[in-house]
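Examining the three-dimensional arrangement
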Amino acid sequence: MNLFARTPVLAVLVSYNGGPIVAATAEAACCQVDELLIIDNHSQQDSIDVIEGLAATYKNIIVRFNSQNIGLAAALNQGIAYAAEKEFRYILTLDQDSLAQPAMVAELQAACQTDSSIGIASPWMYWIADGKVMGGDPPSQVPYSNWRVWTGGSFSPVDVLVEVGGFPEDFFIDYVDYALCHKVLKAGLKVVVVPSAHMIQRRGELFTATLGGRKLFCSNYSATRRYYIARNGLVLSRQMKSLTSLKEHLSLLAKETVKVSLFEASKGPKLWMTALGILHAAIGRMGPLRRQDRHLS
């Protein structure tokens, strides 16, 4: 229960061809915040129609349409700049498929107001696989520190995000949240999970498969996403100078490669783009994936 006086909260939702998913996310969040800013990264018309309908229906939803896809990180930074300009105290960042549960924002804000050393507060996450909500109970009933949390549902003081320089735009998409966490931790602040705040998050087109009697979760990300995941995880590990992070990411890539090879569609393009991401991480090529590199994706 939030015992503190409310201060202005801006939610920023970045959309890209999300269609009706964006509507569900916006409707779940806009009733919990003072204003919801939807930043669209040059979606197709059907998604634009959904967003315009939301802005016409809800008085506290405003929209910014980018003329090109500038990437998740750059769009989020637009949101941070808007929050600072309009003097919001806190900002909530949302993926287009982040479903805030009742009282989530109040619980996150209460945690930040209780502890001024918190730079990012994140809800306890559930996810959707095979069309069902899944996920276990949190390991603690009180806020606990973590070294990384997702963008979807992250709640921060605006001045903290301005101070650390926002999200790394050269990452474009994927691992921009983990990179921000690294910046916040380097600034001497905490990244915490608040178990009393809940969110349901989609992770690609998640489905389950069985291998050797074990249940596996397959994200079924696109080939392009496979590129950014492979590249940015390696680059972030180098920036962190963390052998532990590097080992963890290489293990993730190995496991994901097995799942792609055995269970997912479009295996060839996904494996190719994973390999290309590793190569580009090695040579330091960042920013958006170039058109000439998409021939198999």
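See above for the structure.
Keep in mind that this is a model prediction, so the values were computed, not measured.

**Section: the packing of helix H7 (residues 223-240) against helix H8 (residues 243-263)**
- The geometry of H7 relative to H8 is characterised by a closest axis approach of 9 Å and an angle of 165 degrees between their N-to-C directions. Here H7 is positioned roughly antiparallel relative to H8, judged by the angle of their axes. For the crossing formed where H7 meets H8, the hand is left-handed. Packed against H7, whose contacting residues are Arg226, Ile229, Ala230, Gly233, Leu234, Ser237 and Met240, the element H8 presents Ser245, Leu246, His249, Leu250, Leu253, Glu256 and Val260 at the interface.

**Let's talk about the layout of surface pockets**
- Approximately 230 Å³ is the volume attributed to the second largest pocket.
- Along the wall of the second largest pocket there are 16 residues; nearest its centre are Ala110, Ala111, Thr114, Pro143 and Val194.
- Those elements that place two or more of their residues in the lining of the second largest pocket are helix H4 (104-114), strand E8 (144-145) and strand E10 (190-202).

**Notes on empty space enclosed by the protein**
- Evaluation of the coordinates by the stated rule reveals two cavities of 30 Å³ or more.
- Reported here for the largest cavity is a volume of approximately 60 Å³.
- Surrounding the largest cavity, 13 residues form its lining, Thr93, Ile120, Ser154, Phe167 and Leu180 being those nearest its centre.
- Those elements that place two or more of their residues in the lining of the largest cavity are strand E9 (154-157) and helix H6 (176-186).
- Considering only residue class, the lining of the largest cavity consists of eight nonpolar, four polar and one charged.
- Reported here for the second largest cavity is a volume of approximately 30 Å³.
- Lining the second largest cavity are Arg226, Leu253, Glu256, Thr257, Val260, Leu271 and Thr274.
- Elements with a contribution of two residues or more to the lining of the second largest cavity: H8 and helix H9 (267-283).
- With four residues, H8 is the single largest residue contributor to the lining of the second largest cavity.
- Classifying every residue of the lining of the second largest cavity by side-chain character gives three nonpolar, two polar and two charged.

**Considerations on the nonpolar core**
- If you look at the biggest cluster of nonpolar residues, it comprises 44 residues, and the most contacted ones within it are Leu10, Ile91, Ile120, Phe167, Phe171, Leu180 and Val184.
- Elements with a contribution of two residues or more to this core: strand E1 (9-15), strand E2 (35-40), helix H3 (72-85), strand E6 (118-129), helix H5 (158-164), H6, E10 and H7.
- Among the elements that make up this core, the one with the highest residue count is H3 (seven residues).
- Beyond its immediate stretch of four places on either side in the chain, isoleucine 120 contacts Val149, Ser154, Phe155, Ser156, Leu180, Cys181, Val184, Lys190, Val191 and Val192.

**A few points about the pairing of strand E12 (residues 214-218)**
- Two elements, strand E11 (residues 207-211) and E12, share five bridges in a ladder whose sense is antiparallel. By the bridge assignment, threonine 210 is partnered in E12 with lysine 215.
- The antiparallel hairpin formed by E11 and E12 contains two residues in its connecting segment, where glycine 212 sits at a positive phi of about 60 degrees.

**Notes on the side chain of serine 237**
- Summarising the element assignment, serine 237 is placed in helix H7.
- Given a relative accessible area of 4%, serine 237 falls into the buried group.
- A distance of 2.8 Å separates a polar atom in the side chain of serine 237 from a polar atom in the side chain of serine 245.
- Ignoring any residue separated from it by four or fewer positions in sequence, one finds serine 237 in contact with Ser242, Ser245, Leu246 and His249.

**Topic: the pattern of salt bridges**
- This model, assessed by the stated rule, comprises seven salt bridges.
- A salt bridge links arginine 148 to glutamate 248; its shortest N-O distance comes to 2.6 Å. Remark: glutamate 248 occurs in helix H8 and arginine 148 occurs in the loop between E8 and E9; sequence separation between them is 100 residues.
- A residue is classified by how much of its surface remains accessible, and glutamate 248, at 35% relative accessible area, is partly exposed.

**Section: the packing of aromatic side chains**
- What the rule picks out here adds up to six aromatic pairs.
- Look at phenylalanine 172 and tyrosine 228: their rings are 5.5 Å apart centre to centre, the planes differ by 25 degrees, and that puts the pair in the stacked class. Here the residue phenylalanine 172 occupies a position in the loop between H5 and H6, and tyrosine 228 occupies one in helix H7, the gap between them amounting to 56 residues. Here the two residues phenylalanine 172 and tyrosine 228 agree in accessibility, since each one is buried.
- Plain terms: the ring middles of tyrosine 175 and tyrosine 178 are 5.2 Å apart, the flat faces sit at 90 degrees to each other, and that makes the pair edge-to-face. Comparing tyrosine 175 with tyrosine 178, the two get one shared label, buried.

**Topic: the environment of threonine 93**
- Among the structural elements, threonine 93 can be located in strand E4 (residues 90-94).
- Residues threonine 93 and valine 22, spaced 71 residues apart in sequence, show a C-alpha to C-alpha distance of 13 Å.
- With residues up to four places along the chain from it excluded, the contact list for threonine 93 reads Val12, Leu76, Thr151, Gly152, Gly153, Ser154 and Phe167.

Rules of the game
Residues numbered from 1 in each chain as written. Predicted model: local features only at pLDDT ≥ 70, side-chain atom pairs only at ≥ 80, totals over all residues. Heavy atoms only, no water. Axes fitted to C-alpha atoms, helices over the stretch in contact; angles between N-to-C directions. Helix = DSSP H or I, 4+ residues; strand = E, 2+ residues; numbered from the N terminus. Parallel < 35°, antiparallel > 145°, perpendicular 65-115°, else oblique. Left-handed = near helix turned anticlockwise from the far one by under 90°. Contact = heavy atoms within 4.5 Å. 1 Å grid on protein atoms, 1.4 Å probe; cavity = no way out; pocket = protein on both sides within 12 Å on 5 of 7 lines; lining within 4 Å. Points joined across faces, edges and corners; volume = space filled by probe spheres on them. Nonpolar A, V, L, I, M, F, W, Y, C, P; charged D, E, K, R; others polar. Core = buried A, V, L, I, M, F, W, Y, C linked by side-chain atoms within 4.5 Å. Buried < 20%, exposed > 50% of the residue type's maximum accessible area, 1.4 Å probe, protein only. Pairing = 2+ DSSP bridges. Polar contact = N/O pair within 3.5 Å; in protein donor to acceptor, adjacent residues only side chain to side chain. Salt bridge = Lys/Arg side-chain N within 4 Å of Asp/Glu carboxyl O. Phe/Tyr/Trp six-rings, centres within 6.5 Å; stacked < 30°, edge-to-face > 60°.

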